[in-house]
Amino acid sequence: MPELVDIIGDAFYDVYFATAYIVYDNPADAPSELMQTFLQNYLDKYGAKPESDNAYRNYDAMYLFAHAINEAGSTDGTAIRDALEATTDYEGLAGTFNFTGHHGEGIDSVRIFRVDVGGVYTEIPME
């Protein structure tokens, strides 16, 4: 959460952490067009950025659920589950979701970030 920089101060800089979502102050700083659009729409509607990454998680969850319903062509629970488990290459805010063969886990990679001076988050490329 961005407030940590204010609470912890300089001790927060040069810290590394793994997460799927970052709450950016400015939509233009977000790494994908989808996240930029989401953030701008959120700002336009609520007049402030999300308080935490829960807004991102809920966005991905609801759109994945809608995708599974559309793929299943049904609102039957088993059909939705099966369609979700068959979902591959679905682009969400957290990245590319691939559920097939992952026992319910859609994201099978991590994103590592470093907090730089000024509270700027830099994604560290994974090799």
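Since we're looking at a predicted model, the values are computed, not measured.

> I'd love a proper account of the overall build of the protein chain, names of residues and values included.
In terms of regular secondary structure, the protein chain is built from 4 helices and 5 strands. Going from N to C terminus, the protein chain has its helices and strands arranged as α-β-α-α-α-β-β-β-β. Here the C-alpha coordinates of the protein chain stretch approximately 50 × 35 × 25 Å along the principal axes. In the protein chain, buried positions account for 29% of the 127 residues.

> Any chance you could break down helix α2 (residues 33-46) for me, citing the residues and the numbers?
For α2, with 14 residues, the first-to-last C-alpha span of 20 Å sits near the 20 Å given by 1.5 Å per residue. Within the span of α2, buried status applies to Met 35, Phe 38 and Leu 39. All buried residues of α2 fall inside an arc of 95° around its axis, so they share one side. In α2, the exposed positions that point more than 90 degrees away from the buried face belong to Glu 33, Asp 44 and Lys 45. The inward-facing, buried residues of α2 abut α3 (54-72). Of the residues trailing α2, Gly 47 is marked for its positive phi of about 75°.

> I'd like a rundown of unusual backbone geometry, residues and numbers included.
With phi around 65°, Asp 14 is a residue other than glycine that occupies positive phi space. For Asp 14, the location among the structural elements is in the loop between α1 (3-8) and β1 (16-18). Residue Asp 89 is not a glycine yet carries a positive backbone phi of 55°. Among the secondary structure elements, Asp 89 is positioned in the loop between α4 (77-85) and β2 (90-92).

The rules behind the values
Along each chain, numbering runs from 1 in the same order as the chain's sequence is written. Confidence filtering applies because this is a predicted model: local features only for residues at pLDDT of at least 70, side-chain atom pairs given and counted only at 80 or more, and all residues used for totals across whole chains, interfaces and linings. The side-chain values count all of the structure's non-hydrogen atoms but skip hydrogen atoms and water molecules. Note on conventions: DSSP H or I runs of at least 4 residues are helices, E runs of at least 2 residues are strands, and numbering of each starts at the N terminus. Working definition: with a 1.4 Å probe on protein chains only, accessible area under 20% of the residue-type maximum means buried, over 50% means exposed, and in between means partly exposed. The span you would expect from a helix comes to 1.5 Å times its residue count less one. Arc definition: directions from the helix axis to the C-beta atoms. Only heavy atoms enter the contact rule, under which two residues are in contact if any of them lie within 4.5 Å.

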